[in-house]
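An overview of the molecular structure
Listed here are the chains, written in short residue letters.
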Amino acid sequence: TVYSDIVKFQFTGTTDATTHGNLTSTLKMHGSSSNGTSAFVAAGHNGTTVVSAVQKIAFSNNTTAASHGSLSRLTNNQATTKDAVQSMNAGGIYTGTRTTEIEKMAFATGSSAVQHGNLTMKRSVAAIGSDGYQALQTGGHAGSDNGGMVSTIEKWNFGSNTTTVNVGNLAT
């Protein structure tokens, strides 16, 4: 099932989620990040096909999301993180095959994403986090051509366009 609903909930308290608006289309298997005033939903699957569009949702009002550029490729199941000025989308599935690409997109503009670097291996559905200066991507699925589930941890800096570095493995 795919949805276009945007719901929000408070970090404090114990109230239920409330409606905040709608995406411009139904979407699943997408990436998302936030700059503190808006949320950004990147690419995904609309129920029929994979899309590359990025949508921006303002926290200040309950409206339909607005177009905010696109990734350079049709991607779903990518990992998404951010620093203060840009969102990073890493890996995912591109035209049926997992990818190593990392793309970045500025929060301030609605321009298309640009290449930032590469993961050391193809993977999708990985966990990711950042401290605002560097990202760590962990685990995920490398596909049958790379042995299935992976436990590696890869790191890259937001300030340099390079291939990631494998810094360890998750505990098994």
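See the structure shown above.
So, here's what we can say about the structure. (Residues numbered from 1 in each chain as written. Predicted model: local features only at pLDDT ≥ 70, side-chain atom pairs only at ≥ 80, totals over all residues. Heavy atoms only, no water.)

With that settled, the discussion passes to the overall build of the chain. Helices and strands together make up the secondary structure of the chain, namely 0 helices and 17 strands. Here the C-alpha radius of gyration of the chain, 16 Å, is about what a compact globule of 172 residues would show, namely 16 Å. If you line up the chain on its principal axes, its C-alpha atoms span 40 × 35 × 35 Å. When the 172 residues of the chain are sorted by exposure, 42% land in the buried category. Within the structure as shown, the chain displays about 8,800 Å² of accessible surface, and the carbon and sulfur contribution to it stands at 52%. Of note, the chain has its 10 positive side-chain charges centred 2 Å away from the centre of its 8 negative side-chain charges. (Helix = DSSP H or I, 4+ residues; strand = E, 2+ residues; numbered from the N terminus. Rg over C-alpha atoms; globule rule 2.2 N^0.38 Å. Buried < 20%, exposed > 50% of the residue type's maximum accessible area, 1.4 Å probe, protein only. Areas by Shrake-Rupley, 256 points an atom, 1.4 Å probe, with all protein chains shown as cover. Lys, Arg positive; Asp, Glu negative; His and termini not counted. Charge placed at Lys NZ, Arg CZ, Asp CG, Glu CD.)

It is worth spelling out the sheet that holds strand E12 (residues 101–106) at this point. Whenever strands of a sheet pair, they do so through backbone hydrogen bonds, lying parallel or antiparallel. Pairing within the open sheet is antiparallel, and its 4 strands lie in the order E8-E9-E12-E13. Of all the strands in the sheet, the pair left with one neighbour each is strand E8 (79–82) and strand E13 (114–118). Averaged over all adjacent pairs, the angle separating strand axes in this sheet is 25 degrees, with direction ignored. Where strand E9 (residues 86–90) meets E12, 5 bridges bridge the pair, whose relative direction is antiparallel. What sits directly across from Met88, in E12, is Lys104. (Pairing = 2+ DSSP bridges. Axes fitted to C-alpha atoms, helices over the stretch in contact; angles between N-to-C directions.)

A separate point is the pattern of salt bridges. Pairs may arise between side chains of opposite charge once their charged atoms sit close together. Using the criterion set out here, one finds 3 salt bridges in the structure. For Glu103, the salt bridge identified is with Arg73, shortest N-O distance 2.4 Å. Placement of the pair is Glu103 in strand E12 and Arg73 in the loop between strand E6 (66–70) and strand E7 (75–76), with a sequence separation of 30 residues. We classify Arg73 as buried; its relative accessible area is 4%. Three or more residues are tied together by salt bridges with common partners; here these are Arg73, Glu101 and Glu103. (Salt bridge = Lys/Arg side-chain N within 4 Å of Asp/Glu carboxyl O.)

For the structure shown, the criterion picks out 1 cavity of 30 Å³ or more. Lining of the largest cavity is provided by Ser33, Phe40, Ala42, Val54, Leu71, Thr80, Ser87, Asn89 and Met105. Among the secondary structure elements, those contributing two or more residues to the lining of the largest cavity are strand E4 (38–45) and E9. Looking at the lining of the largest cavity, its residues break down into 5 nonpolar, 4 polar and no charged. (1 Å grid on protein atoms, 1.4 Å probe; cavity = no way out; pocket = protein on both sides within 12 Å on 5 of 7 lines; lining within 4 Å. Points joined across faces, edges and corners; volume = space filled by probe spheres on them. Nonpolar A, V, L, I, M, F, W, Y, C, P; charged D, E, K, R; others polar.)

This paragraph deals with the layout of surface pockets. Over the atoms, a rolling probe the size of a water molecule traces out where space has been left empty. One number sums up the size of the largest pocket: a volume of about 570 Å³. Every residue lining the largest pocket is counted, 17 residues in all, and those nearest its centre are Ile6, Val7, Lys8, Ala39 and Phe59. Secondary structure elements with two or more residues in the lining of the largest pocket: strand E1 (3–8), strand E2 (18–27), strand E3 (31–34) and E4. The element best represented in the lining of the largest pocket is E1, accounting for 4 residues. Residues that form the lining of the largest pocket fall into these classes: 9 nonpolar, 6 polar and 2 charged.

With antiparallel pairing, 4 strands are arranged side by side in an open sheet as E3-E4-E5-E6. The sheet terminates laterally at E3 and E6, the two strands that pair on one side only. The mean angle between the axes of side-by-side strands here comes to 25 degrees, regardless of whether they run parallel or antiparallel.

Right, let's talk about the nonpolar core for a bit. Residues Ile6, Leu23, Leu27, Ala39, Val41, Val51, Ile57 and Ala65 constitute the largest nonpolar core, which totals 8 residues. When contributions to this core are tallied by element, the ones reaching two or more residues are E2, E4 and strand E5 (50–58). Setting aside residues no more than four positions away along its own chain, Leu27 makes contact with Val2, Tyr3, Val41, Ala43, Gly44, His45, Asn46, Val51 and Gln55. (Core = buried A, V, L, I, M, F, W, Y, C linked by side-chain atoms within 4.5 Å. Contact = heavy atoms within 4.5 Å.)

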